[in-house]
Each structure stands twice: as structure tokens, then as C-alpha cells.
Amino acid sequence: MGKIANEELLRRLDENFAGKVKETGADFGLLTVEVDADVITEVLTFLKTDSALKFIFLTDITAIHYPEQEKQIGVIYHLHSLTTNTRIRLKVFLSLDNLHIPTASTIWDGANWMERETYDFFGVIFDGHPDLRRILNVDDMTVFPMRREYPLEDPNRVDKKDYFFGR
Amino acid sequence: MQNHPVYIDTDPQSEYSTLNLGPTHPATHGVFQNVLQLDGERIVSGVSTIGYIHRAFEKIAEHRPFYQITPLTDRLNYCSSPINNMGWHMTVEKLLNITTPKRVDYMRIIIMELARIADHIICNGVLGVDTGAFTGFLYMMEHREEIYEIYEEICGSRLTTNIGRIGGFERNFNQIAFDKIRKFIKKFPPVLKEFEALFNRNRIFVDRTRGVAPVSAEDALSYSWSGPLLRAAGIDYDVRAMEPYSSYDEFDFEVPVGENGDVYNRFLVRNEEMWQSLRLIEQALTKIEKEPSDIFHADVPAFYLPPKEEVYNNMEALIYHFKIVMGEVETPTAEVYHAVEGANGELGFYLVNDGGRSPYRLHFRRPSFINYQMYAPMSRGMLLSDAIINMSSLNIIAGELDA
């Protein structure tokens, strides 16, 4: 089977989740859609089980922090349909005061550690996750270190600031 | 297989014993801790603790220009660092729309396949050691050394290679490098054959590995396994074949597939992959001869450092040199996901760029991290000695596991 065209993929998603799923781009041909947090389980299940799409392979789950946005934390899913060789990227944006999102570990066993990692670094709480603990950082860490407010280097250091480079 | 966490029973009256396997147990070949609950020699439950060598690469990457991220990728799967390096360069090239010359692609394939062989040599050799056969490991290890000498000839270092640059290679392969590669592909096949003769039908080895830790295709997919492990379970997913990068589509190679995903199947799949890698290197060596021999990088002055003598004598080169080193080059705002077939699975780079001097966000899809999570659940009911060889054949590299 050949690759599923992005328009076709988007049409199928629109049919089933009208208004809850919207396209945000297709950089380098990889369709990216933004999904509402309340339907993410349904969207993932639909993508996995639909007989024409079959996104059976969960490539990755991670997150991004955009401090200037209203919904600051974006949870990113990469799925891969092995039979049609199509990839799709899903984004769910969450605001800092409500970082809850349903777990995907009920759909893929492999989501377990990916979600633990995302929780560990960004503090996203995956509801229904069987074992949501920190995974790479020490258990008694109090912050979520991949958020932008935690600088890597000494915050007083100025020699690498962008304004020295005309930005 | 259920994915629920398994905790250790702390009841003092319990008849089970608790064993700390690792973090520095000699049999685990790396920093892995598994707290196992044992009933005699049988594992009742286990829980994995990881993160002992976590170095926050994703955070560091947010503060470095692209070319300075290559050394970070070295330290992911340090048994095959060139694949990581190339994967990262190709991700950036995809972002910047750089097309590399054919010769560069072939040179990359040679290096990546050598790295794959080096990685499989360690994994399969050590699997032999863990089942009690030291000899095969020694035969093979000698040839990993030869691969390291080839790296040395090309980039100067052996383990953490930092090989190649964005757009190509830092220098051309010299004649000695080509001679060493040719010598390797001539000398290695008889050794690999001997290695297979030592193990494939060896009664002791087969008894110890066949039927140990079998994984169904459904479980392997559900746990997002990739690479030789997924293929041993019967799914023919290979990034090189599905989404060919670096001109892999021009090459003739097969994707070996196993049947039931047990330790023996994984061993056979890795051995066969080494044969396929040798085929790929041979083809690449033939193809490379038809290409102009002085091309070893793409013509992208804004990203590829000019030769040093030009920097001293040519104004333009000096400007480019300064801009590249200071990370002052314009880059597009875009998101890229690029995957390469690492030695133990799909190694993905998810790069979010906002046009700044460093990535806005860089995430590594690390196959070891994702492959390892089935280890504790699948060990339940297994003998301790089987769990050890199961870990060997998963080929988990601590650097990649913990990033």
C-alpha cells in the first residue's frame, strides 16, 4: 500500500472529530495536527484501529514548553503506519494550571516510559497511567527541568546573550 | 502481557528473596539496576531503575549551535556513534534543505554500516560470553579494532567519533582509509563465518537461547520495539528500506526477519545484518569509484567550515568561518523528524527550530530507552540466568538509555 496523502488523512480525521482536530502544518510532508486534550484517547484509538489508516506504531511521545503561549505545554505524539509508511504528528496543548491528559499506555504498552519521561521533564500528568513516577531524574527532584524557566548555565552569565549578536 | 508496574514485596514474612541486579553488576554490561524478587532462581517480579548516567543532553542541546550537538550524539549509543552523528547531520540537512552529493552519501553508508557491524560484533560476542563461550567474542573483537582503526584514519578518534560535518565530511577519505576498508571486508567474512559455525548449531548455545524470552509480534509492536529486536519478532520494519535516507534506495540489500523474537532469533538476525552490511559496503565501494574523487561535502558555505588556509587569506571565507563558529547563520523556522536505522532500532531526532542559534527543542527517540521497558515485565517467570542473556541480546546501551 502506498503512502496516505495528507489531505485524505485530514479528511478522515475531520469526518470523525469535526472541530476537535485542526491542521497546523505539514513541515517536510509530515502532517501535524492539533488535537483537543479531551478527545486525544479517541483520536489515537481511531488512528490505530482504523482499517485503512493503521497507525499501529507509536514512535514517540514528548513535550515542548512555549512560555509565551497561553497554553504553554505541548505534548507531541509521533505515530507511524507501518503498512502504508505514513507518519503523523499530533499535538495537544495544555495550560500550566491544568496539565492533565489521558494516558496512551492503555493503547500502547510502550507509552508507559515515554509518558514517564514526559512527566519527569515537563510535569505533564497522564491520567490513568499505571506508574507515573520520575524516570531519569532523582525521585526527590522538585522541578521539571526541561521547562524554559530553568536555565542550563549560570543565569548571571551575559557573554552569550542574544543582544550581543544583534538579535 | 500486562504493563502494570511490578513492585517488590516488602513483607518480612515473605518467602521470596530480593536481589539487586546492578547497578554495577558485571553481567549487565552497563549501569542498569533491576530489583528482582526471586523464588529460588525464578523471577517473580522485577522493577527497573534507570537514569544513572543521565546527562541532560536535550537541555544542553537547547543551548548549543547545531554543529556542537554532534559530540552529544556520540555519547548516546557509543558502540556505534557514527550512525548517531550521521543521523544528526541528516536531520539538520533536512531542516536546511541541503542536498548532499552522491559520493558523500556513499561515504556515509560505508561508515554507518561499519558502525553497525561494530555494534553487532559486541552484542553477539557478549551474548556468547554470557552463555559461556568466550572464544567467539575474542575472534570478533579483533575486527572491531580494525573498524576503529578505520574511524581513526577518517576522523582521528575511535569511540566518540564526532565524524562528519553538516553537509558532508570534515576531510576526504585518504588512500589508507580505503585500503583499510577493503582489507576489512576481505578479512571479516571468514571470521564471521567461523563465528556462525561456532554458535548457530552449537548444542549448548542453542539450548541456552532458543525459546528464551520469546516475544510475539503484537507485543513487540505494542512496546514500540524497533531494529533487530522487532525484526526478530517477525516485523520487517527497517528505516533504511521504508524511508531510505542517504541513497539507501539505490542499494541492494535484504532485511532479515526472525520468527518468534527469542534470544536465538535476535542473534541470527544480527548475524545476518552483518552480512547485509558487508554487501552494502561492497556496493558503496564500487559506486564511489564512479564519483569524482575530490568531493566530500556539499557546497554550503553558510554551514560547512571553509578550509583553514582560506580563512587566513580570503575575506569571504573568514566571514563564513566567523558566522558558523558564532552560530550566526539564518536557519528556517520549522519542525523536523528524521529517523535513521541505528544499530538497535529507530533512532529519531525531533528538532524544533525557531531560527535562533540553537534548537528550540531537540528530542532524541532513543531505541534503547524504548526497547528496555519491556525487560522487567518480560522477565517475570524467567530463570535468573535466562534474564541475564535476555538483557545481553536486547543490546541496551546505557548512554542511549539515559541520554
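Residues numbered from 1 in each chain as written. Chains lettered and ligands numbered in written order. Predicted model: local features only at pLDDT ≥ 70, side-chain atom pairs only at ≥ 80, totals over all residues.

Undergrad: Would you explain the overall build of chain A in this entry?
TA: Helices and strands together make up the secondary structure of chain A, namely three helices and seven strands. Reading the secondary structure of chain A in the N-to-C direction produces α-β-β-α-β-β-β-β-α-β. Each principal axis of the C-alpha distribution contributes one length, and for chain A these read about 55 × 45 × 25 Å. Scored against the burial criterion, the 167 residues of chain A give a buried share of 39%. Put simply, 49% of the contacts in chain A that link residues at least 6 apart link residues at least 24 apart. (Helix = DSSP H or I, 4+ residues; strand = E, 2+ residues; numbered from the N terminus. Buried ≥ 20, exposed ≤ 12 C-beta atoms within 10 Å, placed from the backbone. Contact = placed C-beta atoms within 7 Å.)

Undergrad: How should I be thinking about the overall build of chain B in this particular structure?
TA: Within chain B one finds 17 helices and six strands. Each of the three principal axes of chain B carries a C-alpha extent, and together these read 80 × 45 × 30 Å. Here chain B, with 403 residues, has 50% of them falling under the buried criterion. In chain B, the share of contacts with a sequence separation of at least 24, taken over all contacts with a separation of at least 6, comes to 70%.

Undergrad: Where do I start with the sheet that holds strand β5 (residues 345–354) of chain B in this structure?
TA: Consider a sheet: its strands pair through backbone hydrogen bonds, and that pairing is either parallel or antiparallel. All names here are of chain B. The sheet built from three strands is open, its strands ordered β4-β5-β6 with antiparallel pairing. For this open sheet the edge positions go to β4 (333–342) and β6 (361–365), each flanked by a neighbour on one side alone. The sheet shows a mean angle of 10 degrees between the axes of neighbouring strands, direction not considered. Judged from the five bridges that link them, β5 and β6 form a sheet pairing that is antiparallel. Across the sheet, Leu351 pairs through a bridge with Leu362, a residue of β6. (Pairing = 2+ DSSP bridges. Axes fitted to C-alpha atoms, helices over the stretch in contact; angles between N-to-C directions.)

Undergrad: Explain the interface of chain B and chain A to me, please; I cannot follow it from the model alone.
TA: On the chain A side, the residues contacting the 34 residues of chain B number 31 residues. When contributions to the side of chain B that touches chain A are tallied by element, the ones reaching two or more residues are α1 (57–61), α8 (217–222), β4, β5, β6 and α14 (367–372) of chain B. Here the side of chain B that touches chain A gets four residues from one element, more than from any other, and that element is β4 of chain B. Each residue belonging to the side of chain B that touches chain A can be placed in one class, and the counts come to 15 nonpolar, 10 polar and nine charged. (Nonpolar A, V, L, I, M, F, W, Y, C, P; charged D, E, K, R; others polar.)

Undergrad: Any chance you could explain the pairing of strand β3 (residues 57–65) of chain A here in plain terms?
TA: Where a strand is regular, its side chains alternate between the two sheet faces. Residues and elements named next belong to chain A. Most of β3 sits inside the fold, with nine of its nine residues counted as buried. One ladder, built from eight bridges, connects β3 with strand β4 (residues 73–81); its direction is antiparallel. The residue of β4 that forms the bridge with Ile61 is Tyr77.

Undergrad: What is the right way to read unusual backbone geometry from this model?
TA: Residues apart from glycine generally show negative phi values, whereas peptide bonds are mostly found in trans. Positive phi values are uncommon outside glycine, yet Lys54 of chain A reaches one of about 50 degrees. Positionally, Lys54 of chain A belongs in the loop between α2 (40–49) and β3. Classification of Lys54 of chain A as partly exposed rests on a count of 19 C-beta atoms within 10 Å. Unlike most non-glycine residues, Ala56 of chain B shows phi in positive territory, near 55 degrees. In this structure, Ala56 of chain B sits in the loop between β3 (42–49) and α1.

Undergrad: Would you mind showing me how to read the UniProt feature "domain: NADH-quinone oxidoreductase subunit D" (unreviewed entry) in chain B here?
TA: Within this numbering scheme, the UniProt entry marks residues 130–402 of chain B as carrying the feature "domain: NADH-quinone oxidoreductase subunit D" (unreviewed entry). In residues 130–402 of chain B, the share of helix is 52% and the share of strand is 9%. The end C-alpha atoms are 24 Å apart. (UniProt positions renumbered as here; feature names shortened; annotations may be inferred.)

Undergrad: What exactly am I supposed to notice about the environment of Asn174 of chain B here?
TA: Residues and elements named next belong to chain B. Tracing the backbone through its elements, the reader meets Asn174 in the loop between α5 (134–155) and α6 (175–199). According to the C-beta neighbour criterion, Asn174 is exposed, with 11 such atoms within 10 Å. Residues Asn174 and Leu221, 47 residues apart in the sequence, show an inter-C-alpha distance of 43 Å.

Undergrad: I'm lost on α5 of chain B in this one. Help?
TA: All names here are of chain B. A rise of 1.5 Å per residue sets the reference length of α5, with its 22 residues, at 32 Å; its end C-alpha atoms lie 31 Å apart and thus fit the reference within 8%. Residues of α5 that are buried include every one of Gly136, Met140, Ile147, Ile150, Tyr151 and Ile154, and no others. For α5, the elements touching its buried residues are α3 (81–96), α4 (102–130) and α6. Phi for Gly156, located one or two positions after α5, is positive at around 95 degrees. (Expected span 1.5 Å × (residues − 1).)

Undergrad: Mind showing me how you'd approach the pairing of strand β5 (residues 86–94) of chain A here?
TA: Residue and element names in this part refer to chain A. For β5, the buried fraction is high: seven of the nine residues fall into the buried class. Strand direction decides the pairing type here: β4 and β5, joined by nine bridges, are antiparallel. Within β5, the position partnered with Val75 by the bridge is Val92. Count of turn residues in the β4/β5 antiparallel hairpin: four residues, of which Asn85 carries a positive phi of about 55 degrees.

Undergrad: Would you mind going over the sheet that holds β5 of chain A with me for this structure?
TA: Residue and element names in this part refer to chain A. Read from one edge to the other, the open sheet built from five strands follows the order β1-β2-β5-β4-β3, with strand pairing classed as mixed. Of all strands in the sheet, those with a lone pairing partner are β1 (21–25) and β3, marking the two edges. Between one strand axis and the next, the sheet turns by 25 degrees as a mean value, whatever way the strands run.

Undergrad: How do you make sense of the nonpolar core when you look at a structure like this?
TA: Across soluble globular proteins, you tend to see nonpolar side chains buried next to one another. Judged by nonpolar contacts, the single largest core of 150 residues is most densely connected at Val75 and Val124 of chain A together with Ile110, Leu114 and Ala220 of chain B. Per-element accounting of this core gives the leading share, 15 residues, to α4 of chain B. Ignoring anything within four residues of it in the chain, the contact list for Val75 of chain A reads Ile61, Ala63, Val92, Leu94, Ile101, Thr118 and Val124 of chain A. (Core = buried A, V, L, I, M, F, W, Y, C linked by C-beta atoms within 7 Å.)

Undergrad: I'm lost on the packing of helix α11 (residues 263–289) of chain B against helix α16 (residues 384–394) of chain B in this one. Help?
TA: Each pair of packed helices can be summarised by the angle the axes make with each other and by the distance between the axes. All names here are of chain B. In the contact formed by α11 and α16, the axes pass within 10 Å of each other and the chain directions differ by 25 degrees. Relative to α16, α11 is oriented roughly parallel. The chirality of how α11 crosses α16 is left-handed. Along its contact with α11, which presents Val263, Arg266 and Phe267, the element α16 presents Ile389, Asn390 and Ser393. (Parallel < 35°, antiparallel > 145°, perpendicular 65-115°, else oblique. Left-handed = near helix turned anticlockwise from the far one by under 90°.)

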